[in-house]
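Listed below, chain by chain, are the residues.
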Amino acid sequence: MKSPLTGGRTLIPVLYVDDESDLLEVGRLFLEEDGKFSVDTFTSAKEALEAVKVRRYDAIISDYRMHDMDGIEFLKAVRCIAGDVPFILFTGRGREEVVIEAINNGADFYLQKGGDSEALFAELIHKIKKAIERRQALFDLRNSEQRLADIINFLPDATFAINTSGIVIAWNRAMEVMTGTNAADFLGKGGYEYAIPFYGTRRPILIDLVLAPDERFEREKYLYATREGTTLTAETVVVKPDGSTVNLWGKASRLYDKNGNLAGAIESIRDVTDLRRAEEAIRESEERFRAIIETSPDIIWEIDTEGMFRYISQRATEIIGYRPEELVGQSIATLIPENTRPYIMQELARHGRSKGSLFTIEVPVLHKEGHNLLIEIRSSPFTDEDGVMIGHRGMARDITERKKAREELRGAYEQLNAADGELRRQYKELVQSELQIRESEGRFRSIVETSPDMIWEIDMQGMFRYISPRVTEILGYFPEELIGRSVTNLLTDEARPYIMERIARDGASEESMFTFEVPARHKDGRDLVIEIRSSLFTDSDRNVTGFRGVARDVTEKKKSEEVVRRARRKLTLMTGITRHDILNNIMAVLGLLRQVKKDSPVPEMTAFIEKLERRTKLIRQQIEFTRIYEKLGTQDPCWQDLHALISRLQVPFGIALSDTSAGIEILSDMMLWNVFENLLDNSMRHGGDVTEIKISTWETGSGLVVMYEDNGIGIPADEKEKIFERGYGKNTGLGLFLVREILALTGIAIHETGQPGRGVRFEMAIPKGSYRFTKSI
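Residues numbered from 1 in each chain as written. Predicted model: local features only at pLDDT ≥ 70, side-chain atom pairs only at ≥ 80, totals over all residues. Heavy atoms only, no water.

A. View of the packing of aromatic side chains. Evaluated as defined, the whole model comprises 12 aromatic pairs. Their ring planes at 55° and their centres at 5.6 Å tell us that Phe160 and Trp171 sit as a pair that is tilted. Of this pair, Phe160 sits in strand E6 (residues 158-163) while Trp171 is found in strand E7 (residues 168-171), placing the two residues 11 residues apart along the sequence. For Phe160, a relative accessible area of 0% puts it in the buried group. Trp171 sits in the buried class, given a relative accessible area of 4%. Ring plane angle 85° and centroid distance 6.4 Å describe the contact between Tyr192 and Tyr194, whose orientation is recorded as edge-to-face. Members of the aromatic cluster, connected to one another through ring pairs, are Phe160, Trp171, Phe186, Tyr192 and Tyr194. (Phe/Tyr/Trp six-rings, centres within 6.5 Å; stacked < 30°, edge-to-face > 60°. Helix = DSSP H or I, 4+ residues; strand = E, 2+ residues; numbered from the N terminus. Buried < 20%, exposed > 50% of the residue type's maximum accessible area, 1.4 Å probe, protein only.)

B. Quick look at empty space enclosed by the protein. Within the structure shown, the criterion is met by seven cavities of 30 Å³ or more. In this model, the largest cavity occupies a volume close to 280 Å³. Lining the largest cavity we find 21 residues, and of these Trp456, Phe464, Val487, Ile499 and Ile532 sit closest to its centre. Broken down by secondary-structure element, the contributors of at least two residues to the lining of the largest cavity are strand E17 (454-459), strand E18 (464-467), helix H17 (495-507), strand E19 (513-521), strand E20 (527-538) and strand E21 (544-553). Considering every element that reaches the lining of the largest cavity, the biggest residue donor is H17, with four residues. (1 Å grid on protein atoms, 1.4 Å probe; cavity = no way out; pocket = protein on both sides within 12 Å on 5 of 7 lines; lining within 4 Å. Points joined across faces, edges and corners; volume = space filled by probe spheres on them.)

C. Examining the pattern of salt bridges more closely. Using the criterion set out here, one finds 45 salt bridges in the structure. Residues Arg315 and Glu318 are paired through a salt bridge, measuring 2.6 Å at the closest nitrogen-oxygen approach. Placement of the pair is Arg315 and Glu318 together in helix H11 (residues 315-320), with a separation of three residues, close to one helical turn. In this structure, Glu326 engages Arg323 in a salt bridge whose closest nitrogen and oxygen atoms are separated by 3.8 Å. Owing to a relative accessible area of 27%, Glu326 belongs among the partly exposed residues under this scheme. Residue Arg323 is classed as partly exposed on the basis of its relative accessible area of 43%. Each of Arg323, Glu325, Glu326 and Lys368 takes part in a single network of salt bridges with overlapping partners. (Salt bridge = Lys/Arg side-chain N within 4 Å of Asp/Glu carboxyl O.)

D. Seen up close, the sheet that holds E19. The sheet built from five strands is open, its strands ordered E18-E17-E21-E20-E19 with antiparallel pairing. Either end of the sheet is taken by a strand with one partner, and the two such strands are E18 and E19. Neighbouring strand axes in the sheet, compared pairwise and without regard to direction, differ in orientation by 25° on average. Bridging between E17 and E18 involves three bridges; their strand directions are antiparallel. What sits directly across from Trp456, in E18, is Ile467. (Pairing = 2+ DSSP bridges. Axes fitted to C-alpha atoms, helices over the stretch in contact; angles between N-to-C directions.)

E. Inspection of the environment of Thr515 at higher detail. Looking at where Thr515 falls in the secondary structure, it is placed in strand E19. Sequence separation between Thr515 and Ser534 is 19 residues, and the spatial gap between their C-alpha atoms is 6.5 Å. With sequence-adjacent residues up to four places away left out, Thr515 is seen in contact with Arg502, Glu531, Ile532 and Arg533. (Contact = heavy atoms within 4.5 Å.)

F. Here's a closer look at a nonpolar patch on the surface. A cluster of nonpolar side chains, Tyr427, Leu430, Val431 and Leu435, forms an exposed patch at the surface whose accessible area comes to about 410 Å². Locating Leu435 in the fold gives a position in helix H14 (residues 402-449). (Patch = residues over 30% accessible without salt bridge, like charges linked within 9 Å, V, L, I, M, F, W, Y side chains within 5 Å. Areas by Shrake-Rupley, 256 points an atom, 1.4 Å probe, with all protein chains shown as cover.)

G. The arrangement of the side chain of Thr555 in detail. With respect to the helices and strands, Thr555 occurs in helix H18 (residues 555-599). On the basis of relative accessibility, which here comes to 7%, the residue Thr555 falls in the buried class. With sequence-adjacent residues up to four places away left out, Thr555 is seen in contact with Asp527, Leu528 and Val529.

H. Spotlight on the pairing of strand E24 (residues 664-668). With four of its five residues buried, E24 lies for the most part within the structure. For strand E22 (residues 638-641) and E24, the ladder comprises four bridges, and the chain directions are antiparallel. By the bridge assignment for E24, Trp639 is matched with Leu667. Here E24 runs beside strand E29 (residues 771-773); their pairing, made up of three bridges, is antiparallel. What sits directly across from Ile666, in E29, is Tyr771.

Shape descriptors only; they carry no functional weight alone.
Okay, structure coming up:
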């Protein structure tokens with residue numbers, strides 16, 4: 001195999017630096033045994049930098065903790081000298097901050113020592129090859145993306161493109177003009193960065209829907225969406241920061257590489273606001289006039305110069321008994337009694353000669369059934385585009401109903417009198433309700449003033465509107481000393497900017513409850529720590545006008561927690577150093593035993609060495625368990641999405657996992673995921689031919705039950721409690737012991753209730769207050 005970055009050399013040159021020479025030698029033997037690497041080793045990072053040119057290596061491996069220069073410092077030096085040469089941090093240190101610092105400084109991979117040597121170095125070889133191949137692939141990808149960006153930049157519509165990972169690979173000039181941004185601010189960025197100029201937040205948009213269709217999202221976020229193959233056309237309305245709206249039309253399609261593989265997607269966006277506004281104005285005008293005509297209580301009509309109906313509204317049927325289709329094409333004279341017909345026709349002709357004049361006349365009209373009506377006609381002539389009169393149009397109103405209208409008005413007056421009596425009755429009820437409210441206020445005031453905590457209320461400027469008498473015992477002030485003064489008077493100088501910023505931020509938040517701690521100062525000068533629990537309150541128009549809540553002195557509690565935290569930190573540091581050194585020595589021992597076993601010609605010696613290996617690995621497992629057990633209870637319990645935790649489980653192929661826990665959060669230790677990981681491991685190791693795992697939940701009178709079950713061989717009746725004891729079992733006997741310990745930290749009990757031969761059934765009892773239901777997403 002030839003490395004894509006070695007210029008055709010047969011072996012891949014690798015630099016390996018570690019201040020433990022035994023491990024360094026074992027590592028070199030494993031890597032060169034693969035047959036594809038040439039390994040140079042150094043026990044000092046500084047010596048490696050001084051002795052060789054790091055640019056000539058295709059990959060560099062380094063320990064983290066070394067005597068003259070640690071792995072992070074070595075990484076920084078390599079990045080300055082050799083640029084993006086693949087760098088792998090290979091160490092026994094597993095702290096999160098070390099991992100974060102390594103990644104932030106450009107490490108390609110982080111691999112922790114420990115475990116089976118063969119598997120560990122196989123993984124290291126895989127990481128080296130992957131880093132080298134990825135470096136070459138990135139170089140080729142950049143060239144391809146640049147060519148695509150040049151083509152897209154000439155398109156007249158605002159256009160951009162992303163790869164299958166959602167990274168922006170093109171952002172043309174028209175897009176810069178539309179969004180007021182620079183392409184450099186978006187190229188190479190992902191995480192829906194491209195949605196911010198349009199929506200002010202990160203979210204999927206049209207381009208994402210061609211890669212991952214979501215019909216529900218399309219319906220909710222777009223006015224319409226049309227698919228043609230892998231092309232999606234849609235339109236949406238976007239609200240700008242100033243409150244105005246724009247209509248955006250977009251067309252997105254998938255991109256494929258030369259081999260027909262999906263490479264990403266491209267979208268063109270066009271501002272169609274003016275077009276839609278013009279269309280909407282026309283549509284509104286048409287609908288407005290149509291609604292006026294169709295809903296008008298009067299007849300709307302149009303005749304030509306000969307008096308022939310060209311149009312008459314549906315209202316004619318109700319007023320004069322004729323359907324519109326019976327009158328269109330007929331003369332208006334047919335509706336007028338013969339004795340007044342000449343006069344009416346003469347008036348229409350006379351007013352028609354006066355262009356643009358509006359006239360009103362009252363005429364008798366024959367109903368289709370033969371009775372007379374009195375109709376008020378308001379009419380004006382209309383002309384063609386050359387100004388020639390071509391007819392009349394207007395309104396006709398039946399005024400025979402005016403008498404009935406007067407009678408209805410009299411009836412309405414009587415109804416008003418009756419309504420006045422009802423209003424008086426409602427007023428009496430309102431007065432009674434106010435008295436009840438005052439009684440309720442009295443009860444609540446008694447509760448507030450006898451509470452062991454301070455009850456308070458402030459406005460949006462942080463000025464006290466109320467504070468309970470408890471403040472005198474906790475902070476030394478009388479309530480009347482604080483009303484109308486700023487809450488910052490009770491805080492230390494350092495806390496004052498924070499609390500004002502917190503008031504502004506929480507006041508604009510969509511959340512309704514807030515809990516935090518602030519340093520406060522007693523009237524006599526003593527410093528205290530106060531726990532604040534607050535919520536927003538609004539006026540009658542639902543505008544936020546301030547905060548109210550409770551405040552509790554937690555000074556002594558915080559001091560006790562700090563003492564415990566310091567002691568735990570020292571203990572953790574010492575055990576971590578000891579464990580690291582022991583595991584390094586175990587790894588070296590296993591590596592040397594492997595080499596000795598490989599070179600030993602004596603079968604008896606080989607069997608003896610294998611026993612030593614098994615015992616050493618058992619020691620390593622027990623030491624590794626201390627790493628996990630040490631973390632128990634080191635962090636405060638937090639709310640965790642149960643369904644999200646379960647979805648992270650690595651379920652082996654061929655096993656069906658059923659989970660109905662969506663929408664539930666549990667307040668528990670941060671190691672809750674390890675509970676389900678160990679239960680899954682227990683099923684795989686001891687359940688026999690397990691093919692199905694179910695996780696379900698239900699509420700009881702005392703709380704929530706979370707059940708884990710499989711269809712394996714189950715647990716014998718006499719072992720149902722023993723399996724949770726430390727050391728019990730066929731392997732380390734630590735898995736289920738750890739499960740019960742993790743759950744017990746937050747008051748969660750676990751029991752095995754399954755039937756032997758029909759699978760395990762672990763029931764976890766979550767107490768009330770330690771779970772909550774959320775919306776499923």
